[in-house]
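Now for the letters of each chain:
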Amino acid sequence: MHKFITCIGECLIDFFPVVEGEASLGYGTDFRMHAGGSILNVAVALSRLEQPSAFVCKVADDYFGRYLRTYMQVEGVNTKFLLASPGTHSTLAFVAMENGHPAYSFYSEGSADTLLTANEIDEALYRETKILHLGSISLLNGTTPEAILKTAQRLKDKALISFDPNIRPNLIHNEAVYRDMLARIFSLADVVKCSDADLTWLYPGRSSEECLAALLALGPALVVVTQGERGAIAASVGGAQGRVAAFSVPVVDTVGAGDAFCAGLLTCLSEPELRTRDELERISGEVIDGMLRFAAGVSALNCTRAGANAPRRTEVEDFLRRE
C-alpha cells in the first residue's frame, strides 16, 4: 500500500550565528545548532502540513546524529527507513548571512549521510512510497548519489518522483560528473522545482521561460521555478502554465524558503487526483495556480521566522484566507 511521501537525502546540523553573541576581529563567534539539510527540512515541513512523511538517510551515532534522530521523531517524520552508521560523524554546516542571503560552509567528508548504498535500503520503501523527493547536496559526495539514483530508477512509474537540485556551486568538485547525474535524474523526475539561482547555473544567459522549456524536454511532467520576491512560475508538458506573485510579509531570513515551498507543492501533489504521471500531464493552469499559491504561502510564512522553520497547516490556511 502506497503510504509515504518519502524524502531521501542529507540530514545535518546547521550552526546559525547568534546575533547578540560575541564578535572577534569583526566576525561573529557565537552559533546555535539546529537540525537541517534541505531534504530533511522538506520532510519536517511535510509533517507539519499533515502529510505522512518518511526520511531515508544514514545517521551517525555521534551526539549530533542522536539529536537528528530524536528531532525527526519529535517532528512526526517516520524514521523506519533510517540506517545507523556506527563510528562515523555527522555533517556540519555553518551558516552566515551575506547581503541578506545565507552563505554556507560544509564539513561533510566521510560523514554518515554520504555513505548510503542502494542494497541497504529497506524493500518496504518501494511498496510504501507514493511520492519520492530527492535532490540538494546529497547528490555530491560518497556513495549516496548512486544510491539515490538507483532508488529513483526502481520507483519510476510506481511513484511520483520529485526533484529539487538546490545547486550549491561552491560544493561541486567535478562539474561534468555532477551535470551528468543531474541529467539522469531530470529524465526520471515527474516534478522538478528549481530556483532562479539554479537556472543561472544550469542555463547561463537564458530566460526563465527558455529554461522551463529546456527542463520539460528532459522528461518531467511539471516544472516549477521559484523567483524569490517575484513569486513563482510553472509549466507542464501538456502545455498548462501557472504563475503566482510572492506574498508581502516581514522577512526575517530566507533560510529554508525553497524547502518550505517544496513541501507545499508536494502537499498539493499528494491529493488523490494528482498522484499519477498521466494526471500530472493533464493538469490545468487553474490547478497549477492553486498549487503555487499554497506553496508560496508556506514559503512566505517560513520567511517570517529565523531559520528553516516551516508553518503548520492551520497557519497556512489561516494566512491564505486573509490574503
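Structure shown above.
Okay, so let's go over this structure. (Residues numbered from 1 in each chain as written. Predicted model: local features only at pLDDT ≥ 70, side-chain atom pairs only at ≥ 80, totals over all residues. Heavy atoms only, no water.)

### Looking at the overall build of the chain
Right, on to step 1. Along the backbone of the chain there are 11 helices and 16 strands.
Right, on to step 2. The C-alpha radius of gyration of the chain comes to 18 Å, within 12% of the 20 Å expected for a compact globule of 323 residues.
Right, on to step 3. Within the chain, buried positions represent 57% of all 323 residues.
Right, on to step 4. In the chain, the proportion of contacts linking residues at least 24 apart, taken out of those at least 6 apart, comes to 71%.
Right, on to step 5. Summed over its atoms, the accessible surface of the chain is roughly 14,000 Å², and 51% of this surface lies on carbon and sulfur atoms.
Right, on to step 6. Computed over 29 positive and 40 negative side-chain charges, the inter-centroid distance for the chain is 5 Å. (Helix = DSSP H or I, 4+ residues; strand = E, 2+ residues; numbered from the N terminus. Rg over C-alpha atoms; globule rule 2.2 N^0.38 Å. Buried < 20%, exposed > 50% of the residue type's maximum accessible area, 1.4 Å probe, protein only. Contact = heavy atoms within 4.5 Å. Areas by Shrake-Rupley, 256 points an atom, 1.4 Å probe, with all protein chains shown as cover. Lys, Arg positive; Asp, Glu negative; His and termini not counted. Charge placed at Lys NZ, Arg CZ, Asp CG, Glu CD.)

### Quick look at empty space enclosed by the protein
Right, on to step 1. Applying the stated criterion to the full structure yields two cavities of 30 Å³ or more.
Right, on to step 2. In this structure, the largest cavity spans a volume of roughly 80 Å³.
Right, on to step 3. In terms of lining, the largest cavity is formed by 13 residues, of which the most central are N41, A45, A308, N309 and A310.
Right, on to step 4. Broken down by secondary-structure element, the contributors of at least two residues to the lining of the largest cavity are α1 (38-48) and α8 (257-269).
Right, on to step 5. Sort the elements by how many residues they give to the lining of the largest cavity and α1 lands first, with five residues.
Right, on to step 6. Class assignment for the residues of the lining of the largest cavity results in seven nonpolar, four polar and two charged.
Right, on to step 7. Each pocket or cavity is described by its volume, and for the second largest cavity that value is around 40 Å³.
Right, on to step 8. As for the second largest cavity, its lining consists of C11, K58, V59, A60, G65, L68, S90, T91, A112 and D113. (1 Å grid on protein atoms, 1.4 Å probe; cavity = no way out; pocket = protein on both sides within 12 Å on 5 of 7 lines; lining within 4 Å. Points joined across faces, edges and corners; volume = space filled by probe spheres on them. Nonpolar A, V, L, I, M, F, W, Y, C, P; charged D, E, K, R; others polar.)

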